[in-house]
Every structure is written in C-alpha cells, then in structure tokens.
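Structural overview for review
Chain by chain, the residues run as shown.
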Amino acid sequence: MQLLTCPSTGNTEILDVPMPALATGDILIEMLACGVCGTDVMKVYDQSVAKPVQLGHEIVGRVVVGNTHFTKGQRVAVAHHAPDHASHYNKRGSATQDPVFKSSNVFPGGFAEFIRVPIDLVQHTVFAVPDSMPTVRAAFMEPLACCLRALDRVPVQADDTVLLVGAGAIGLLFVPLIEAVGGRVVVADVREERLQAARDWGAVATGMVGRDDVAASCKAQSQGRGADVVILTVVDQATLELALSSVRDGGWIIPFGVKPGMMPIVDLWQLYHREVSLVTSYSATPDGLGRALKLLSKPGFELEKTTSHQLPLADAAHGFSLLHAAKASKVLVIGAA
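Note that the structure is a prediction, hence the values are computed from the model and not measured.

What the rule picks out here adds up to zero disulfides. Left unpaired, Cys34 is separated from the closest cysteine sulfur, that of Cys37, by 9.5 Å. Note on Cys34: relative accessible area 0%, which makes it buried. Unpaired in terms of disulfides, Cys146 finds its nearest cysteine sulfur in Cys147, a separation of 6.8 Å.

Before going further, it helps to examine the nonpolar core. If you look at the biggest cluster of nonpolar residues, it comprises 50 residues, and the most contacted ones within it are Leu144, Phe174, Ile231 and Leu296. Elements with a contribution of two residues or more to this core: helix H5 (135-138), helix H6 (141-153), strand E8 (161-165), helix H7 (169-180), strand E9 (184-189), helix H8 (192-201), strand E11 (227-232) and helix H12 (286-295). Looking at which element gives the most residues to this core, the answer is H6, with eight residues. For Ile231, the contacting residues outside a window of four places in its chain are Leu151, Val162, Leu163, Leu164, Val165, Phe174, Ile178, Ile254 and Phe256. Counting 41 residues, the second-largest nonpolar core is a separate cluster that includes Leu3, Val53, Val76 and Phe111.

On to the packing of H6 against H7, then. At a minimum axis separation of 9 Å, H6 and H7 run at an interaxial angle of 60°. In terms of axis orientation, H6 runs oblique to H7. The two elements H6 and H7 meet at a crossing, and its hand is right-handed. Between H6, through Pro143, Leu144, Cys147, Leu148, Ala150 and Leu151, and H7, the contact on the second element is made entirely by Ile170, Leu173, Phe174, Leu177 and Ile178. Considered class by class, the residues forming the contact of H6 with H7 number 11 nonpolar, no polar and no charged.

Before going further, it helps to examine the sheet that holds E9. Hydrogen bonds along the backbone pair up the strands of a sheet, which may run parallel or antiparallel. In spatial order, the strands read E10-E9-E8-E11-E12-E13; together these six strands make up an open sheet with parallel pairing. Strands at the two margins of the open sheet, each flanked by one partner only, are strand E10 (205-208) and strand E13 (277-278). Examined bridge by bridge, E8 and E11 share four bridges and lie parallel to one another. Along E11, the bridge assignment pairs Val165 with Leu232. Those strands touched by H8 are E9 and E10, and its axis lies near 175° from that of E10.

Rules behind the numbers
- Residues numbered from 1 in each chain as written.
- Predicted model: local features only at pLDDT ≥ 70, side-chain atom pairs only at ≥ 80, totals over all residues.
- Heavy atoms only, no water.
- Disulfide = S-S within 2.5 Å.
- Buried < 20%, exposed > 50% of the residue type's maximum accessible area, 1.4 Å probe, protein only.
- Core = buried A, V, L, I, M, F, W, Y, C linked by side-chain atoms within 4.5 Å.
- Helix = DSSP H or I, 4+ residues; strand = E, 2+ residues; numbered from the N terminus.
- Contact = heavy atoms within 4.5 Å.
- Axes fitted to C-alpha atoms, helices over the stretch in contact; angles between N-to-C directions.
- Parallel < 35°, antiparallel > 145°, perpendicular 65-115°, else oblique.
- Left-handed = near helix turned anticlockwise from the far one by under 90°.
- Nonpolar A, V, L, I, M, F, W, Y, C, P; charged D, E, K, R; others polar.
- Pairing = 2+ DSSP bridges.

Below is the structure:
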C-alpha cells in the first residue's frame, strides 16, 4: 500500500509499505479523506522537528476489518490521540496533557491507503459518520473539536465580542461556533479574500492588519470595552501586540496557532495590571470529538466549503507546497471512492 511520509525537512514522498498488522480489538480502515493540518505543514518544513515524521490525523475512512464496536463497510471519523481516562491529568480536565494521550496514534499515519486504529482509540476517538453527512465534511471533526477545546477553556457567552486574528482554514471554524452561542466575531487578517470569507460566514466586522484600526472595531462592537476574547490563529510579536491593544480589561487571549521556538516579548505588566489572562489550548478531547460531529450535522456547519483543494494521495505533496506558500486555505487528501 502507499503512504505519504516526510523523510527530511521540506520534502514529502510516497512510499510502498506493508499493510498494518492488527492486534486484538484494533480496526483497519481504508482512507477516504484526510485533511492537511497546519501542524502537518509545520512538521514538514520546520527544521526543529525530527525526521522522518508521521503525518495526517484528520481522518475519515471505511472500515475494512471491524470489531465489536464497528463493522465492515461503515464510514468512520477518526482522531489520533486518547488519554488514560483514569489518569490524574484526565480527572482534572487536562486530558490533552496526559502522557498516554500524547503517545497514542494511528498507524502509519492519516495519509495512507489503509490505517490501523488501535483499540484504545477505537473506544474513544472513532465515531460513525451519519449517512447524510458528506465524507469531506466529516474530515472536519478533529479540527472543529480542537476549536471547541479552546472555547471550553475560555467560555464565550452571549453578547461577547471575540476578535479572531487569522481567518485561514482553522480560524474560520471558530466563526459559527461563536455565533452559535450568541457572540459577535470581529476578524483581522492580511488577505482580503480571507476577510470576505469571514464576512460570508457571519463576522460582524473585519479589518486588514496594518491598515485598519482593529482595536477600534472591537470597541465599537462592545460599547467601548474591547474584545472579551482574542483568538490568535497566527502568533507572532505583531499579533500579540494587536491582541493586547484589542482585549478588554479582564479579558482572555488564546494563542492558538503556535510553532516551536516562538519567543515573542509579552508585556507582563499589562497582563497583571489589567488582569488579562493568557490561556493556551492544545488538541481535542474525546468528548469534544463527539460534540463536533453532532455540530457538523447541523445547518450552518458545512465546513467543507472552507476547502480550496481536494487532491489524490499521489498529489498530496503539491497540497503541502501550496499551504506552505500560502496559496491554499484548506487541503483535503482524498482516498478511495
């Protein structure tokens, strides 16, 4: 079978590899679709990430070898990490920090013709896809659940104003989530087409970073207070400073799109004196995965519309290069029909 892997920085290649061997309780799926995550792109192009490295975790597949939970022929959406539910971390709301969570995974990766899903994942991170749901929409279960995790850590309430900095593929997923609870979304980006996409999804105001007064827009939407929450899907010195100038006193900033080695300067006096909370959020919980799949069944969550490219496995490398060059929004690798 074929597998896309990253043997060295900046390079991906298709390998012929053996079919995965199964242990008791595992399932084998045939890949139908797998989204290219920003983390996948980072793993390929960041020199600090050890190579070779496994890629792909936003997976939809068809069961080839089932078990007592799933039967042959079923479509399933799959995520790649599950915690030890009895662990100290999980019991205290830190499931994504459990060492078992971070070490678990599918094999040999999401960009493969066939994928082994271990029993610990089968029990917690595999969900049957409703017959009415398009496969390409189901591929958004894991990234949408990551967004839900962030909003669980900083709950957005009705009448809140949220500034979203970065309206790429992951950023746009936040817009319907915030709207669903009655919040208002202000979006900032450096590309007009992304701002237009944000308006199409329901953003109440948009601004071009470096040109428009984004902080003023947040205040205009919040009776002069500023944004209750700022979500940074792009994190650097400039976006952190934009967040601090836009967030209200007592508000929250979520650095969501973070890469290894980032060391921007943060004005701790502002965080302290204004009681601004800097809250991070990593990955998705099993509970969030189920909630995400239910949301994808509702009107207004046709998230496949954020996809710019659908490519076969043989052309997946092209999708990575497009994303790295900022010439694509969301890329889906498409497998079996």
